[in-house]
Amino acid sequence: MSSTIPPFDPANVQGDILAGLPKKVQEYIIFQIGSDVIAFRKALNKLLPLITTTTQVQQDRAKIAANKKAAEEKGKKPELIKLSGVNIAFSQAGLTALGITDDLGDSAFKKGQFQDSQFLGDKGTTVNGQFVPDWIPAFKTTIHGVILISGDCAATLAATRLVVEAIFNFGAHNATIHELITLTGTVRPGDESGHEHFGFLDGISQPAVKGIDTNPNPGQETVDQGVILLGRGIDVARPAWAVDGSFLALRYLFQLVPEFNNFLKANPIKATGLTPEQGSELLGARLVGRWKSGAPVDLAPTADDPALGKDPLRNNNFRYAFPGDPTTQERCPFAAHTRKTNPRADLEDPPIGADIQTRRIIRRGVQFGPEVTAEEASSGKTKFGRGLIFVAYQSTIPNGFQFIQHSWANATNFPPKQPVPPSTQPVLPGFDPLIGQTNADSARSLIGTDPNNQDASLTLPTEWILPRGGEYFFSPSLPALRTKFALSS
């Protein structure tokens, strides 16, 4: 297989996959291809010079780093560099519309996320024997693709979007794309930059990719290229043109921030020396697995350590390893969000000793919606929509996003733990308190949130993260876009 695959070249890979498009604002244009497929393919050929590659992103990030360093040396705040980026990806329905019949070998991609939503645990109803998730209408129709546009500010993004719209004749009688919905995300302001809407620093534990991330931080595992890119390394055989592409799982997730904060306030962990406010903060950290600063509770179990949280040489260097007492949840609950979605020693160490690199994904995406208003904070009820446009890349969705959601986050018996004597019953950690979900009407729960009463079960009155749409896409390589998708005039 390796003898027929060209050497890896980052210029062939779309930029959001391996390096992440730099952004302060980003749009995801969800679209259908028009009836004139030939016209669309010719228009796509005109878009190709705008597609941002991994090489370009690496260069852009070097410019950003140099700009920050120069500003710091002068004791000034760095000004934003004008940057924009464009990527494109297609659903299975999009490939079909283009007449591409090759099987990419991914069952989840093939059926699409709408058909997968019940398996993922999304809430919904059954209509004429078919499960219909509680999604917004745009995601209940046929989706062909998504165009990602990023920018350093809204004006830069808008200017780039105008170019894209002109290429595809948006809104005209001869439009080759029909816009279903545009999701717009913005990095949160000020000190909240990099934090999701619940307030926790996000995106810390990304895997490094062999041959690309050559200087990983301590605790950052390096995965084979084939975990993220099709046709490379340990990935299975794919159509030749699919090499260096990646599957994109997109989720439109709304967050009930006031309700989450109210729950923490009403259920503080009680311990000697803790104020109610500190007890609520500790509960939040143990539900997530990290403090809001990003400091992992595995290393800072009783109080936040902001210096640890912002230190990339330390904030990911832990494993949930407790060789002296594998049954303890003193430092971190088994069901904490970060432990559920990246269990580390829970699976890698004996007695299981599993290689879990094929479960790793690269997470992208961006926050959307306004900051919590004073009215919402005082009432404890969400009035304005906010949340996360979640994006994850992987070479196989059933091994990556789908598995993490269904078999880890939603599974009350994960991570697997032996009975604690004298009991003979296996320990049931419970749901991931953030993204764990169930189609059933029963309330979710988990154990281990109170370090002084680790067997106690905590009932979660609601799901604070609500999926309102999503789809599975394939992000092709630049050579594939030129030779398989686009058509020269």
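I will try to describe carefully the structure that is included in this document. Note that the structure is a prediction, hence the values are computed from the model and not measured.

### Brief notes about the overall build of the protein
(1) Moving on: A count of helices and strands for the protein gives 15 helices and 14 strands.
(2) Moving on: Taking 2.2 N^0.38 as the reference for a compact globule, 489 residues should give roughly 23 Å; the C-alpha atoms of the protein span a radius of gyration of 23 Å, in line with that estimate.
(3) Moving on: Overall size of the protein, expressed as C-alpha extent along the three principal axes, is 75 × 60 × 50 Å.
(4) Moving on: Counting only residues that meet the buried cut, the protein has 53% of its 489 residues in that class.
(5) Moving on: Taking contacts inside the protein between residues at least 6 apart in sequence as the whole, the part at least 24 apart equals 71%.
(6) Moving on: About 21,100 Å² of surface is accessible on the protein, with carbon and sulfur atoms providing 53% of the total.
(7) Moving on: In the protein, 47 side chains carry a positive charge and 48 a negative one; their mean positions are 3 Å apart.

### Section: the environment of Gln118
(1) Moving on: Following the sequence through the fold, Gln118 ends up in helix 6 (residues 113-120).
(2) Moving on: Gln118 sits in the partly exposed class, given a relative accessible area of 41%.
(3) Moving on: Separated by 56 residues in sequence, Gln118 and Ala62 place their C-alpha atoms 43 Å apart.
(4) Moving on: Residue contacts for Gln118: discarding those within four places in its chain leaves Phe131 and Asn439.

### Concerning the nonpolar core
(1) Moving on: Counting 82 residues, the largest nonpolar core has Phe40, Leu47, Ile88, Phe90, Ile147, Phe168 and Phe485 as its most contacted members.
(2) Moving on: The element that contributes the greatest number of residues to this core is helix 9 (residues 276-288), accounting for 5 residues.
(3) Moving on: Ranked by size, the runner-up nonpolar core spans 34 residues in total, among them Ala138, Ile212, Ile228 and Phe473.

### Digging into unusual backbone geometry
(1) Moving on: Here the bond from Pro350 into Pro351 is cis, since omega is 10°, no more than 30 degrees from zero.
(2) Moving on: Its location among the elements puts Pro351 in the loop between helix 12 (345-348) and strand 10 (362-368).
(3) Moving on: Following Phe414, the chain continues to Pro415 via a peptide bond in cis, the omega torsion being -5°.
(4) Moving on: Turning to its location among the elements, Pro415 is positioned in the loop between helix 14 (401-409) and strand 12 (444-447).
(5) Moving on: The backbone of Asn128 sits at a positive phi, close to 50°, despite the residue not being glycine.
(6) Moving on: Checked against the element boundaries, Asn128 lands in the loop between strand 3 (124-127) and strand 4 (130-133).
(7) Moving on: Within the chain, Asn169 stands out as a residue other than glycine whose phi angle is a positive 55°.
(8) Moving on: You can see Asn169 is positioned in the loop between helix 7 (154-168) and strand 6 (177-186).
(9) Moving on: Look at Asn169 and you get partly exposed, because its relative accessible area is 28%.

Basis of the calculations
- Residues numbered from 1 in each chain as written.
- Predicted model: local features only at pLDDT ≥ 70, side-chain atom pairs only at ≥ 80, totals over all residues.
- Heavy atoms only, no water.
- Helix = DSSP H or I, 4+ residues; strand = E, 2+ residues; numbered from the N terminus.
- Rg over C-alpha atoms; globule rule 2.2 N^0.38 Å.
- Buried < 20%, exposed > 50% of the residue type's maximum accessible area, 1.4 Å probe, protein only.
- Contact = heavy atoms within 4.5 Å.
- Areas by Shrake-Rupley, 256 points an atom, 1.4 Å probe, with all protein chains shown as cover.
- Lys, Arg positive; Asp, Glu negative; His and termini not counted.
- Charge placed at Lys NZ, Arg CZ, Asp CG, Glu CD.
- Core = buried A, V, L, I, M, F, W, Y, C linked by side-chain atoms within 4.5 Å.

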